[in-house]
Amino acid sequence: MAEANCSRKLVVEICNAKNLMPKDGQGTASAYVIVDFDGQRRRTKTKFRDLNPQWDETLEFLVQDPESMASEILEINVYNDKKTGKRTTFLGKVKIAGSTFVKSGSELLVYYPLEKRSVFSQIKGEIGLKVSYVDEAGTAEPEKAAAEEKKLDDAAVEPSEQKTDDAAAAPVGTEEKAPEKEEEKKADESNKEAADQKPAEPPKDEKTEEAQAAATPPAEVENPPVAHTEKAMQPKEKTDTEKLPDLGVSDLELRSLAGDRGRSAYDLVDRMPFLYVRVVKAKGANCEGESSAYAKLVIGTHSVRTKSKSDKDWDQVFAFDKEGLNCTSMEVSVLVEKKDGENTTETAIGTVSFDLQEVPKRVPPDSPLAPQWYTLEGSPGTDVMLAVWIGTQADEAFQEAWQSDSGGLIPETRAKVYLSPKLWYLRLTVIQTQDLQLDSGPEAKPRGPPELYVKAQLGAQVFKTARTSVGSTIPTWNEDLLFVAAEPFEQFLVMTVEDVTNGQPIGQAKVHVPSLDRRTDDRSEPKSRWFNLVGDEKRPRYAGRIHVRACLEGGYHVLDEAANVTSDVRATSKQLAKPPIGLLEVGIRGAANLLPVKSNDGTRGGTADAYVVAKYGPKWVRTRTILDRFNPRWNEQYTWDVYDPCTVLTIGVFDNGMYKKDDAGKAGRDVRMGKIRVRLSTLDTNRVYTNSYSLMVVLPGGSKRMGEIEIAVRFSCSSWLNLIQAYGSPILPRMHYVRPLAPAQQDILRHTAMRIVTARLARSEPALGQEVVQFMLDSDTHVWSMRRSKANWFRLLGWLSRAATLARWLDGISTWVHPPTTILVHVFLVAIILFPHLILPTVFMYAFFIIVLRLRYRRKALLNVDARLSYADAISADELDEEFDSFPTTKSIDQVRQRYDRLRILAGRAQTLLGDVAAQGERLEALFNWRDPRATGLFVAFCLVASLVFYAVPFRAFLLGWGFYYLRHPRFRGDMPSLPLTFFRRLPSLSDQIL
């Protein structure tokens, strides 16, 4: 974009602000906005005495270097004008990363919450902005814009302007505590100096910024530049030295944008030596003619050839795994193919040999090795151009090279990076219909009032509204239908009005999806529209009209994976995006002891062609497939931007079955070998975790350990403050809380999004198989599984066991199992009753020491998928068969009856448990409802006596007496249940009223 004939402008529209903090001492505020971008400053007018000001002003900034715009920061500061108060006060600020800027025409009104400048700032409210950029052609534009800025800047420092305006352009060094007259005098002197020379760049500190904001330009000048610096007046030179400061600000983003493969430091994986051979072309008398030629490389038992071309220009790169080479020399031969009818003869022109022990080494970022001409032995005058070097997998030629360990140039075995489609929620509000042309012909059968509903379809998604009867009023629904739309969008959303009584459609209308309005919050409702209904193809006539409201919701995050293992929580709209807080680096090192998955043409017992898929956010990575190895070594490294620390990285291992096709030409299916998950919140920052993890997979025959995978993970974070702030922010975007989705609706939309992602990735080249995507996204978590039910039940028991342990400890204290401990508890009881103000400090201090001491026992290795916790080791064959059964079932009637009876037994136990829990609440309710008049009478008498006793006896004395009574010695205890418990169990419940 940084061409000489193209310039870029950043357009910032300051719309309004809401619920500002009153700062003028009179319960209001006179707010104005100062916007800074790339050394340029603009200011809006002041809206006097208004906590909800409306500016609607557009400010323009010149983008000096469009390529570095993503690393710039747009800063908006809101101030209270000092004309209405004692001094200029700060009302809040907003910082927007340049990576969120969108092209003009795609901008949306976004409300940003105002942020504090310090911990003690009292700030509230939000500001509505529209930010976009415009690319303009023409070489004169930058010069013209710079000239206009210079004129405006000169006008700002004219001595004829008002004193308050002069203060805006002056170098600011005055303190706000000085008297107002003294400030104006200093501003006058500084303006005289500014008229003779260019304004100097002020120091960048908080006091300077606040003092600059205190200067207010005149209201007559609209959107003037304020306090321009030399940085804004001089065009940026595209040199590395000048860009270094900017690169340091967004180092995490630039490291990710630099490319996963292009980084010179593969520090999380081992360097794998590869022999690279680049065969470019051949020339000579023996190569001339129309016959095709190819080059052949021979290294011991390895033999490979280039493509056959008539122009002898191959330009192919071959990468041989150096550890797999069984020879110390290499021969490169050139052969010519001559066709004589159906017969083809091959003639060797010549050969050139290389000693592999003398091949030079190349390590990036060294420049590529230049190819040279080599004369072929046995054919003087014939040369071949090639280059031979020893490199690693970090070489930029590795990705496009023929690779010996992954089968050469097979597309299905290459390493690739995939991106999930960008998903939106499409909200369709069906309001009403009018002028419906109901079927009233002679063939129409007599019937009652028709019942209508609206059916909406987007691709394969179909949703229907509720039914409504057509009577004296027009049919009205006011019902929302939500769809999942993926970019690029489906062309049309089809709405059909159908009559339930005769099952015939009345008419349909189409909505163009790409042209729908987009919104980021619920503050603005999209405009409703009327669409004409048209009959079907047999009767293309006017059938009425329908009133709807449709928009694309950009304020939600469209979940496409299970909520408990989600890897991305950002809103769909780019304008709501926040800068990343860290960088996740994953090194996929290798696997060990993999089990054979498929037979190898009947020659051996089996083989494994393994590859790894890693998913975090919308980015999927797939390593190359290492063929026919049980201990493959990938040593590939990838990076992701991290926007939330409480997210999960998913890594799965699969056996490649798609690169082999059967006799009918149909590709096979990939087989899952296991997966692991890494929760980022459990990682220490800037620390490398290198561990091996077991690969477990549940198959119809039972759980099986498929081997081990070795990975290295590092979570880098440049700012601890941003990381800590993430723990206090909501998990999902704002729209999920102001207009929440029902759990059932959210589940339907999630599975719809899963199907869309699966279909889109299956259309890539090479395709990411459906079984791979579904396994990574956990698409079957909603399906009934006896194994998962048992696992969740035992998880609940494990949590309740802590409470049971505490109850047993209290029971041991009260029964004097360990007398010294019981005596200490007596002392502690007396202390907290006599000094109740020490209860909370003591509790939190104990919690502090206990948690700090338990830090020693923290596991330093990352946790993996636990087979014991998943209850995968103790599960019967029938339960596994039920888990892998399709829906609806395809099993025999006897098997279904047996499983149904087993489910009835479990449901009966759950039913009894629910009844017991409900009975306890009903007994407590019966105590107040006089269902048992004698029991309630006794309780009323007890309440009266207790009120008199507690009126006379201090509450501390009661607590002390109750504590000693509870901790009394066993010789003073009886064997029967206590009186309150016996009384409560005698209260009636509603169990006797159930049939």
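Residue numbers here run from 1 along each chain, matching the order of that chain's written sequence. Local features are withheld for residues below a pLDDT of 70 in this predicted model, meaning they are given only at 70 or higher, and side-chain atom pairs are given and counted only at 80 or more; totals for whole chains, interfaces and linings count all residues. No hydrogens and no water enter the side-chain calculation; it runs on all heavy atoms of the structure.

Novice: Help me out: how do you make sense of the nonpolar core in this one?
Specialist: What tends to happen in soluble globular proteins is that the nonpolar side chains get buried as a cluster. Grouped together as the largest cluster of nonpolar side chains are 38 residues, with contacts concentrated most on Leu 584, Trp 640, Leu 649, Ile 651, Ile 709 and Ile 711. The secondary structure listing takes helices from DSSP runs of H or I that are at least 4 residues long and strands from runs of E that are at least 2 residues long, numbered from the N terminus. Contributions of two or more residues to this core are made by strand S30 (582-592), strand S33 (610-616), strand S35 (633-642), strand S36 (648-655), strand S37 (671-679), strand S38 (688-699), strand S39 (702-716) and helix H8 (720-728). It is S39 that contributes the most residues to this core, 5 residues altogether. Contacts were defined at the residue level, with two residues in contact if any of their heavy atoms lie within 4.5 Å. Ignoring any residue separated from it by four or fewer positions in sequence, one finds Ile 651 in contact with Val 586, Val 612, Val 613, Ala 614, Gly 674, Lys 675, Ile 676, Ile 709, Ile 711 and Met 776. One finds Trp 55, Val 63, Ile 76 and Leu 91 within the second-largest nonpolar core, a separate group that totals 34 residues. Buried Ala, Val, Leu, Ile, Met, Phe, Trp, Tyr and Cys residues form a nonpolar core when they are joined through side-chain atoms within 4.5 Å. For the exposure calls, accessible area comes from a 1.4 Å probe over protein chains only, and a residue counts as buried if that area is under 20% of its type's maximum, exposed if over 50%, partly exposed in between.

Novice: Looking at this structure, I do not really get the side chain of Asp 405. What am I missing?
Specialist: For Asp 405, the location among the structural elements is in the loop between strand S18 (402-403) and strand S19 (416-419). Whenever two N or O atoms come within 3.5 Å, that pair is a polar contact, provided that in protein one can donate a hydrogen and the other can accept it, and provided that, for residues adjacent in sequence, both atoms are side-chain atoms. A distance of 3.1 Å separates a polar atom in the side chain of Asp 405 from a polar atom in the side chain of Arg 624. For Asp 405, the residues in contact, after removing those within four places along its chain, are Phe 274, Arg 624, Thr 625, Ile 626, Leu 627 and Arg 629.

Novice: Which parts of the structure should I look at to understand the environment of Ser 718?
Specialist: Checked against the element boundaries, Ser 718 lands in the loop between S39 and H8. For Ser 718, a relative accessible area of 65% gives the class exposed. Sequence separation between Ser 718 and Asn 686 is 32 residues, and the spatial gap between their C-alpha atoms is 9.1 Å.

Novice: Hey, could you run me through empty space enclosed by the protein in this one?
Specialist: Think of a ball as big as a water molecule: rolled over the atoms, this probe shows where empty space is left. Cavity: a set of points on a 1 Å grid over the protein atoms alone where a 1.4 Å probe fits but cannot get out. Pocket: an open set with protein on both sides within 12 Å along at least five of seven lines, its lining residues, like those of a cavity, having an atom within 4 Å of a point. Grid points are joined across faces, edges and corners, and a volume is the space filled by probe spheres set on the points. The full count for this structure, using the stated rule, is 2 cavities of 30 Å³ or more. Its boundaries defined by the atoms lining it, the second largest cavity holds a volume of some 40 Å³. Around the second largest cavity, the lining residues are Ile 96, Thr 100, Phe 101, Val 110, Tyr 112, Leu 129, Lys 130, Val 131 and Gln 575. Among the elements that take part in the lining of the second largest cavity, strand S9 (residues 126-137) stands out by supplying 3 residues, more than any other. Residues belonging to the lining of the second largest cavity are distributed by class as follows: 6 nonpolar, 2 polar and 1 charged. Residues are sorted three ways: Asp, Glu, Lys and Arg are charged, Ala, Val, Leu, Ile, Met, Phe, Trp, Tyr, Cys and Pro are nonpolar, and all the rest, Gly among them, are polar.

Novice: Just checking my understanding: could you explain the packing of helix H13 (residues 819-834) against helix H18 (residues 955-966) for this structure?
Specialist: The description of two helices packed together rests on the angle between their axes and the distance between the axes. At a minimum axis distance of 10 Å, the contact between H13 and H18 shows a crossing angle of 170 degrees. Between H13 and H18, the angle falls in the class roughly antiparallel. Of the residues in H18, those touching H13 at His 826, Leu 829, Val 830, Ile 833 and Leu 834 are Arg 956, Leu 959, Leu 960, Gly 963 and Phe 964. Tallied by class, residues from the contact of H13 with H18 come to 7 nonpolar, 2 polar and 1 charged. Helix axes are fitted to C-alpha atoms over the stretch in contact, other axes to C-alpha atoms as well, and angles between N-to-C directions run from 0 to 180 degrees. Each angle receives one of four descriptions, namely roughly parallel if under 35 degrees, roughly antiparallel if over 145, roughly perpendicular if within 65 to 115, and oblique otherwise.

Novice: Sorry if this is basic, but what is going on with unusual backbone geometry here?
Specialist: Of note, the bond from Glu 487 into Pro 488 is cis; its omega dihedral lies within 30 degrees of zero at -10 degrees. Positionally, Pro 488 belongs in the loop between strand S24 (476-486) and strand S25 (492-499). Phi is positive for Asn 593, which is not a glycine, with a value near 60 degrees. In this structure, Asn 593 sits in the loop between S30 and strand S31 (598-600).

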